[in-house]
Amino acid sequence: MSNRFLDLCAAGVRSLKPYVPGKPVAELERELGISESIKLASNENPLGPSPRVEAVLAQHWRDLARYPDGGGFKLRAAIAARHGLAPECITLGNGSNDVLDMVARTFLAPGTESLFAQHAFAVYPISSQAAGARLKVVPALAYGHDLDAMAAAVTPDTRVVWVANPNNPTGTWLPGAALRRFAERRLAGLRIGYGLSHPEVADLLNRVRQPFNANLLAQEAALVALDDAEHLRQSVEVNRAGLGQLAEGLAALGLAYIPSVANFLTVDLGRPAGPVDEALLRRGVIVRPVGGYGLPEHLRVSVGLPEENARFLAALEQVLAR
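Each chain has its residues counted from 1, running along the sequence as written. At least 70 in pLDDT is required for a residue's local features to be given in this predicted model, at least 80 for side-chain atom pairs to be given and counted, and no such filter applies to totals for whole chains, interfaces and linings, which use all residues. Side-chain measures were taken over the full set of non-hydrogen atoms in the model, leaving aside hydrogen atoms and water.

Side note on the packing of aromatic side chains
Aromatic ring pairs: the centre-centre distance and the angle between the two ring planes describe each pair.
Part 1 of the reasoning: Pairing of aromatic side chains requires ring centres within 6.5 Å, counting the rings of Phe and Tyr and the six-membered ring of Trp. Pairs whose planes differ by under 30 degrees are stacked, by over 60 edge-to-face, and all others tilted. Taken as a whole and assessed by the stated rule, the structure comprises 3 aromatic pairs.
Part 2 of the reasoning: Taken together, a centroid distance of 4.6 Å and an interplanar angle of 25° make the contact between Y67 and F212 stacked. Separated by 145 residues along the polypeptide, Y67 in the loop between helix 4 (51–60) and helix 5 (73–83) and F212 in the loop between helix 10 (199–208) and helix 11 (216–226) bring together distant segments of the chain.
Part 3 of the reasoning: An aromatic cluster of at least three residues, connected via ring pairs, comprises F121, Y124 and W162.
Part 4 of the reasoning: Positioned over the ring face of F264 is R300, at 5.6 Å from the centre of the ring. Per the convention used, a helix needs a DSSP run of H or I reaching at least four residues, while a strand needs a run of E reaching at least two, with both numbered from the N terminus. Two thresholds decide whether a charge sits over a ring: the Lys NZ or Arg CZ must be within 6 Å of the ring centre and within 35 degrees of the ring normal.

Below, the structure written as structure tokens:
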């Protein structure tokens, strides 16, 4: 195969490998000829959207042929009010990945440096390398961020420091006070999480933001979801109980896991995770190998409904007993 296109592309893109998402249920069932599979790989809410969100989606589906509000006026105003900020501080994205990529495209370039922790979210190195920046990885502390080491690693060439809280795929958590002290030591006031930032940073991000990147239905659904406290309460309750169910089951199997405050647990199998993952797939259970994050003996399992968690634990027990 000719390399003429490879030679023409940006230098940072040449050695990139595409992000591999969690395997869809339909693809697994088609490949293996099985049915009634479950997916606990992608940190999704097992309750799905609330009835209020479903109602607003049904109300607006006829508008799908129309472009959305490119500036997301109503949604930005609602998010700003929730956080006590001005709408000018809000940047909308097609998911958090979109906003993270805007940060990389705005502030990183050849000759600059991107700083993040070991076991950090895959989008950080992907977007940073695509922008041509040098990657600097700081060793993890208990599978999480070593803020002191990260602060010490900042150089004049550092343009972006990435901190995920909670971290994916390890589920570790940093208290807000620790993050605030970290930001005040050496970094600028860029606070990217829900697309919240200094208004001047938001202005720069919006210069590279794709028009209409937040679609019409997503904006309408988000407006309703922001005020749906009952569905949020139910989701948190299901997640808290699910974390306990998974932790108890893994302990009964003699397996260690990384303590998590997120909607997943990352389990240490004490053996290469690939064969275990393959065996689980053949039993219709989709979880997430995290070898690409420097954890070749770990699997990340998302919290599902109680029956889904139980099925995963039963399947894992069968696989480990082989």
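Moving on from the model shown.
Comments concerning the pattern of salt bridges
Part 1 of the reasoning: Whenever Lys or Arg places a side-chain nitrogen within 4 Å of a carboxyl oxygen from Asp or Glu, that contact is recorded as a salt bridge. One pass over the full model with this rule turns up 12 salt bridges.
Part 2 of the reasoning: Ionic pairing is found between R134 and E113, a salt bridge with its closest N-O pair at 3.7 Å. In this pair, R134 sits in strand 3 (residues 134–138) while E113 sits in strand 2 (residues 113–117), placing the two residues 21 residues apart along the sequence.
Part 3 of the reasoning: Three exposure classes are used, based on accessible area relative to the maximum for each residue type with a 1.4 Å probe and protein chains only: buried under 20%, partly exposed in between, and exposed over 50%. When its relative accessible area of 38% is taken as the criterion, R134 is described as partly exposed.
Part 4 of the reasoning: You can call E113 buried: its relative accessible area is 6%.

Quick word on unusual backbone geometry
Part 1 of the reasoning: That bond from N165 to P166 is cis: its omega, 0°, falls within 30 degrees of zero.
Part 2 of the reasoning: In this model, N168 is joined to P169 through a cis peptide bond whose omega is 25°.
Part 3 of the reasoning: Looking at where P169 falls in the secondary structure, it is placed in the loop between strand 4 (158–161) and helix 9 (176–186).
Part 4 of the reasoning: A positive phi angle, close to 65°, is found at H119, a residue other than glycine.
Part 5 of the reasoning: Along the polypeptide, H119 turns up in the loop between strand 2 and helix 7 (123–130).

Brief notes about empty space enclosed by the protein
Part 1 of the reasoning: Cavity means a closed set of points on a 1 Å grid over the protein atoms alone, one where a 1.4 Å probe fits but cannot get out, pocket means an open set with protein on both sides within 12 Å along at least 5 of 7 lines, and lining means a residue has an atom within 4 Å of a point. Grid points are joined across faces, edges and corners, and a volume is the space filled by probe spheres set on the points. Considering all chains together, one arrives at 1 cavity of 30 Å³ or more under this definition.
Part 2 of the reasoning: Of the voids in this model, the largest cavity is the one considered here, and its volume is about 30 Å³.
Part 3 of the reasoning: When residues are sorted by character, Ala, Val, Leu, Ile, Met, Phe, Trp, Tyr, Cys and Pro go into the nonpolar class, Asp, Glu, Lys and Arg into the charged class, and all the rest, Gly among them, into the polar class. Residues belonging to the lining of the largest cavity are distributed by class as follows: 3 nonpolar, 5 polar and 2 charged.

Observations regarding the confidence of the model for the protein
Part 1 of the reasoning: This prediction gives the protein a mean pLDDT of 91; 97% of its residues lie at or above 70.
Part 2 of the reasoning: With pLDDT under 50 throughout, residues 188–193 is counted as low confidence; its partners more than four residues away or in other chains account for 11 contacts. Values of pLDDT, ranging from 0 to 100, describe the predictor's confidence in every residue of the model. Contacts are assigned to residue pairs that have any heavy atoms within 4.5 Å of one another.

Structural notes on the side chain of R300
Part 1 of the reasoning: Relative to the assigned elements, R300 resides in strand 9 (residues 298–302).
Part 2 of the reasoning: Any pair of N or O atoms that falls within 3.5 Å is considered a polar contact. Within protein, one atom must be able to donate a hydrogen and the other to accept it, and sequence-neighbouring residues count only if both atoms are side-chain atoms. Within the structure, the side chain of R300 is placed 2.5 Å from the backbone oxygen of A41, a separation counted as a polar contact.
Part 3 of the reasoning: When neighbours within four sequence positions are excluded, R300 is seen to be in contact with L40, A41, S42, N43, N168, P169, F264, L265, T266, V287, R288 and V290.

Examining helix 7
Part 1 of the reasoning: Along helix 7, the positions that sit buried rather than exposed are V123, Y124, S127, S128 and Q129.
Part 2 of the reasoning: Tucked inside the fold, the buried residues of helix 7 contact helix 2 (11–14), helix 6 (96–107), strand 2 and strand 3.
Part 3 of the reasoning: Positioned one or two residues after helix 7, G132 has a phi angle of 90°, which is positive.

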